[in-house]
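Read off the chains here:
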Amino acid sequence: MWRRATSLSSLIFSSSRRPLRDQGAYSLKAWEFFCAEPFKGEGCLSKEKNLFITFVLGGPGSGKGTQCAKIVENFGYTHLSAGELLRQEIASNSEDGAVILDMIKEGKIVPSEMTVKLLKKEMESCDNGKFLIDGFPRNEENRIAFEQIIGAEPNSVLFFDCPEEEMIKRVLNRNEGRVDDNIDTIRKRLKVFAASHYPVIEYYSKKGKLYKIDAIGTEDEIFERVRPVFAACKGAH
């Protein structure tokens, strides 16, 4: 199930699963929304190219990374991960990378401006104007910095709605050897996620840009709930 979120009841870590609705009723609305003129703000990037931006949000273990890969494969988006860009900058041994590494070692949060500028650099270097931005913004400060520096709002925001216990089970089953993949740390991460992301989700829900995806099921079942969000616009061209 996917739907435009109109209220925030049970929006974060909903434990109740609603039956799949008839998706046909949403096709026209989705087409009108997704095929509207791309947002053009005051930032340099938005003046240089027409952007189509989708933020992809969801807690650890919600499956958003897997679904991003499927969206890229089926609809030709460029997938950007803020976390991966920070890691790449550190690995490049650049001056900014050294600063980022020092901040992480000291337990400090990398400034929003620095993260957004890395995203902007990648977006400027890409011929494709359609972007999936994965796991970002993490909080309201991130959101505001993105809109000011990029000069654009997202056209849409996907939120992968998955119960907390299911996300814990998935993370524990990943067996990636991460030191923070233990149940106590995962619960803490989920609490931090809910607290920091709630205002962002609320903001875009009120603007009518939020699409809530039922993240329970197989990878293919979940993607079939994601597909109509993107297929509606693609089929119109």
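Predicted model, so just to flag it, every value in this text is computed and none were measured.

Participant: Tell me about the pattern of salt bridges, residues and numbers included.
Facilitator: As enumerated under the stated definition, the model contains 16 salt bridges in all. Residues Glu165 and Arg187 are paired through a salt bridge, measuring 3.1 Å at the closest nitrogen-oxygen approach. With Glu165 in helix 8 (residues 164-174) and Arg187 in helix 9 (residues 183-206), this residue pair connects regions lying 22 residues apart in the sequence. Judged by its relative accessible area of 47%, Glu165 is partly exposed. Where Arg225 meets Asp214, a salt bridge forms, and the shortest distance between an N and an O atom there is 3.8 Å. A residue pair is termed long-range when its members are at least 10 positions apart, and Arg225 in helix 10 (residues 219-234) and Asp214 in strand 6 (residues 210-214) qualify at 11 residues. The class of Arg225 is buried, set by a relative accessible area of 15%. A relative accessible area of 8% places Asp214 in the buried class. Among the charged side chains, a salt-bridge network with shared partners connects Glu140, Arg143 and Glu147.

Participant: Can you explain helix 3 (residues 64-75)? Please cite residues and give values.
Facilitator: The first and last C-alpha atoms of helix 3 sit 16 Å apart over 12 residues, in line with the 16 Å expected at 1.5 Å per residue. Backbone geometry just downstream of helix 3 places Gly76 in the positive-phi region, at approximately 75 degrees.

Participant: Explain the pairing of strand 4 (residues 130-134) to me, and be specific about the residues and the numbers.
Facilitator: Counting buried residues along strand 4, four of its five residues qualify, which places the element largely inside the surrounding structure. Across four bridges, strand 3 (residues 78-81) lies against strand 4 in parallel orientation. Bridge assignment links Thr78 to a residue of strand 4, and that residue is Phe131.

Participant: I'd like to hear about unusual backbone geometry, residue by residue, with values.
Facilitator: The omega angle of the peptide bond from Phe136 to Pro137 is 0 degrees, so this bond is cis rather than trans. By the secondary structure assignment, Pro137 is in the loop between strand 4 and helix 7 (140-150). A positive phi is found at Asn93, a non-glycine position, where the angle reads about 60 degrees. Along the chain, Asn93 falls in the loop between helix 4 (82-91) and helix 5 (95-105). We classify Asn93 as exposed; its relative accessible area is 69%.

Scoring rules and cut-offs
- Residues numbered from 1 in each chain as written.
- Predicted model: local features only at pLDDT ≥ 70, side-chain atom pairs only at ≥ 80, totals over all residues.
- Heavy atoms only, no water.
- Salt bridge = Lys/Arg side-chain N within 4 Å of Asp/Glu carboxyl O.
- Helix = DSSP H or I, 4+ residues; strand = E, 2+ residues; numbered from the N terminus.
- Buried < 20%, exposed > 50% of the residue type's maximum accessible area, 1.4 Å probe, protein only.
- Expected span 1.5 Å × (residues − 1).
- Pairing = 2+ DSSP bridges.

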